[in-house]
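Chain by chain, the residues run as shown.
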Amino acid sequence: MARTPLMAGNWKLNLNHVEATGLVQKLAWTLKDFRYDQTKSEAAVIVPFTDLRSVQTIIEGDKLPLFWGAQDVSVHASGAFTGEIAADMLAKLNCSYVVVGHSERREYHGETDALIGQKAKVVFDAGMTPIICCGEVLEIRKAGTHVEYVLGQIKECLAPLTAEQVAAAVIAYEPVWAIGTGEVATPQDAQEVCGAIRGYVAEAFGEATAEAVRIQYGGSVKANNVVEIMGQPDVDGALVGGASLNADEFAKIVMFYAAGA
Ligand code: 13P
């Protein structure tokens, strides 16, 4: 399998830049203790904007085996957009990843699939990789229409991208009902939707693109459920919220491949 798993910790609105430095150091020491092998899984921290410069400095300075990224981006390059952060500003901080369309942005900031597609495009144009989020709320899951709903989101979010960009993108399937609730989707639930997303990518952008795109699952991922989730053929990583704030727990998630070894 050519796809390297991506285990990304989305810190959300947690940790100032001093605390961020502490957690990154602790995470790096823990990974070293556990003999982390970067070729088996990629680890990234997705941090608040104000933490980025400190996180960059420590990871680059100490040559730590971690990538970093931001939780959102503006579609605008510059101008009178108070409070916004441009993709070029994030690229200048050597961010590798930018999360776009997290369900919390969709819910609290009214972000639409069309806007999220534009954000994914500006992230690529600035030389970084978007982590494009999708996922259904509980009512849709209960109605049994979650697969078509998520494919509808993905169709619109990927529309502005070329096949080459889709191949390089990361898609995160995060069922909203499983976020921060402790209610984890079963590995089969994760596979059902991740597999359907890959099927859609194959149809719309070709087989080679579908083989290359990385698809993450997110929603109450912990050290004690990550192995089973990662065992699914179409799950190429995890987008981890709460559990990424604990160095030991996140290190175990990053090193899912070594469980039982
Ligand atoms: P939790 O892992 O806390 O459920 O959060 C998932 C998430 O939203 C990651 O982006």
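It should be noted that the structure appears before, not after, this text.
What comes next is a walk through the structure. Please read all numbers here as calculations on a predicted model, not as lab measurements. (Residues numbered from 1 in each chain as written. Predicted model: local features only at pLDDT ≥ 70, side-chain atom pairs only at ≥ 80, totals over all residues. Heavy atoms only, no water.)

### Here's the deal with the overall build of the protein chain
Selection rule: Helical segments are the DSSP runs of H or I of at least four residues, strand segments are the runs of E of at least two, and each set is numbered from the N terminus. The globule rule used here is 2.2 Å times the number of residues to the 0.38 power, and the radius of gyration it is set against is calculated over C-alpha atoms. Think of it in three bands: residues with accessible area under 20% of the maximum for their type are buried, residues over 50% are exposed, and the middle band is partly exposed, with areas taken using a 1.4 Å probe on protein chains only. We call two residues contacting when some pair of their heavy atoms lies within 4.5 Å. Note on areas: Shrake-Rupley, 1.4 Å probe, and residue coverage restricted to the protein chains presented here. His is not counted, nor are the chain ends, whereas Lys and Arg count as positive and Asp and Glu as negative. Positions of charges follow a simple convention, taking NZ of Lys, CZ of Arg, CG of Asp or CD of Glu.
Helix and strand counts for the protein chain come out as 12 helices and eight strands. Relative to a compact globule of 261 residues, whose C-alpha radius of gyration would be 18 Å, the protein chain shows 17 Å and is just as compact. Buried positions account for 52% of the 261 residues belonging to the protein chain. Within the protein chain, residue pairs in contact and separated by at least 24 positions form 75% of the contacts whose partners lie at least 6 positions apart. Total accessible area on the protein chain is roughly 11,600 Å²; 53% of this is exposed by carbon and sulfur atoms. Side chains of the protein chain give 20 positive and 32 negative charges; the mean places of these two sets differ by 6 Å.

### Topic: helix α2 (residues 52-61)
Listed in full, the buried residues belonging to α2 are L52, S54, V55, Q56, I58 and I59. Elements in contact with the buried residues of α2: α1 (17-33), β2 (42-46), β3 (67-70) and α3 (87-92).

### Thoughts on the pattern of salt bridges
Inclusion rule: Definition used for salt bridges: Asp or Glu carboxyl oxygen within 4 Å of a side-chain nitrogen of Lys or Arg.
In this structure the tally under the stated criterion is 16 salt bridges. Between E111 and R105 there is a salt bridge, with its nearest N and O atoms 3.1 Å apart. Residue class for E111 comes out buried when judged on its relative accessible area of 7%. D234 serves as the salt-bridge partner of R198, at 2.6 Å between the closest nitrogen and oxygen. Remark: D234 occurs in the loop between α11 (226-230) and β8 (237-240) and R198 occurs in helix α9 (residues 187-205); sequence separation between them is 36 residues. Of the two residues, R198 and D234, neither departs from the other in class, the shared state being buried. What emerges from the salt-bridge pattern is a single network uniting R3, R198, E211, D234 and D236.

### Some words on the site of the ligand
The test is simple: It suffices for a single heavy atom of a residue to lie within 4 Å of a molecule or strand for the residue to be listed as near it. Here a polar contact is taken to be a pair of N or O atoms separated by no more than 3.5 Å, where protein atoms must pair a possible hydrogen donor with a possible acceptor and residues adjacent in sequence count only if both atoms sit in side chains. Of the grid points, spaced at 1 Å and generated over the protein atoms alone, those admitting a 1.4 Å probe that cannot get out make up cavities, while open sets with protein on both sides within 12 Å along at least five of seven lines make up pockets; any residue with an atom within 4 Å of a point is treated as lining. Each molecule is assigned to a cavity or pocket provided more than half of its atoms lie within 2 Å of the corresponding grid points. The nonpolar class holds Ala, Val, Leu, Ile, Met, Phe, Trp, Tyr, Cys and Pro. Asp, Glu, Lys and Arg form the charged class, and all remaining residues, Gly among them, are polar.
Not every one of the 13 residues close to the ligand is listed here, only the nearest: K12, H102, G180, S220 and G242. Measuring from an oxygen atom of the ligand, one finds a side-chain N or O atom of N10 at 3.0 Å. At a separation of 2.8 Å, an oxygen atom of the ligand approaches a polar backbone atom of S220. Its free accessible area being 300 Å², the ligand has 96% of it covered by the protein chains. If you map the ligand onto the pockets, it falls in the second largest pocket. Its residues assigned to classes, the shell around the ligand shows four nonpolar, seven polar and two charged.

### Digging into the side chain of S220
Inspection of the secondary structure puts S220 in the loop between β7 (214-218) and α11. In this structure S220 touches A178, G180, T181, G182, E183, V184 and N225, once residues within four positions along its chain are discounted.

### Things to note about the packing of aromatic side chains
Two numbers describe a pair of aromatic rings. These are the distance of the centres and the angle of the planes. Basically, it comes down to this: In summary, the pairing rule links any two rings of Phe, Tyr or Trp, Trp by its six-membered ring, whose centres are within 6.5 Å, and it sorts them by plane angle into stacked for under 30 degrees, edge-to-face for over 60 and tilted for everything else.
The tally for this structure, following the rule as stated, stands at three aromatic pairs. Summarising the aromatic geometry, the rings of F67 and Y97 are spaced 6.4 Å apart at their centres and angled 75 degrees between planes, so their arrangement reads as edge-to-face. Pair noted here: F67 is in strand β3 and Y97 is in strand β4 (residues 97-100), with a separation of 30 residues, a long-range link. The class for F67 is partly exposed, based on a relative accessible area of 27%. Geometrically, the ring pair formed by F256 and Y257 is edge-to-face, given 5.9 Å between the ring centres and 85 degrees between the ring planes. For F256, a relative accessible area of 12% translates into the label buried. Judged by its relative accessible area of 24%, Y257 falls in the partly exposed class.

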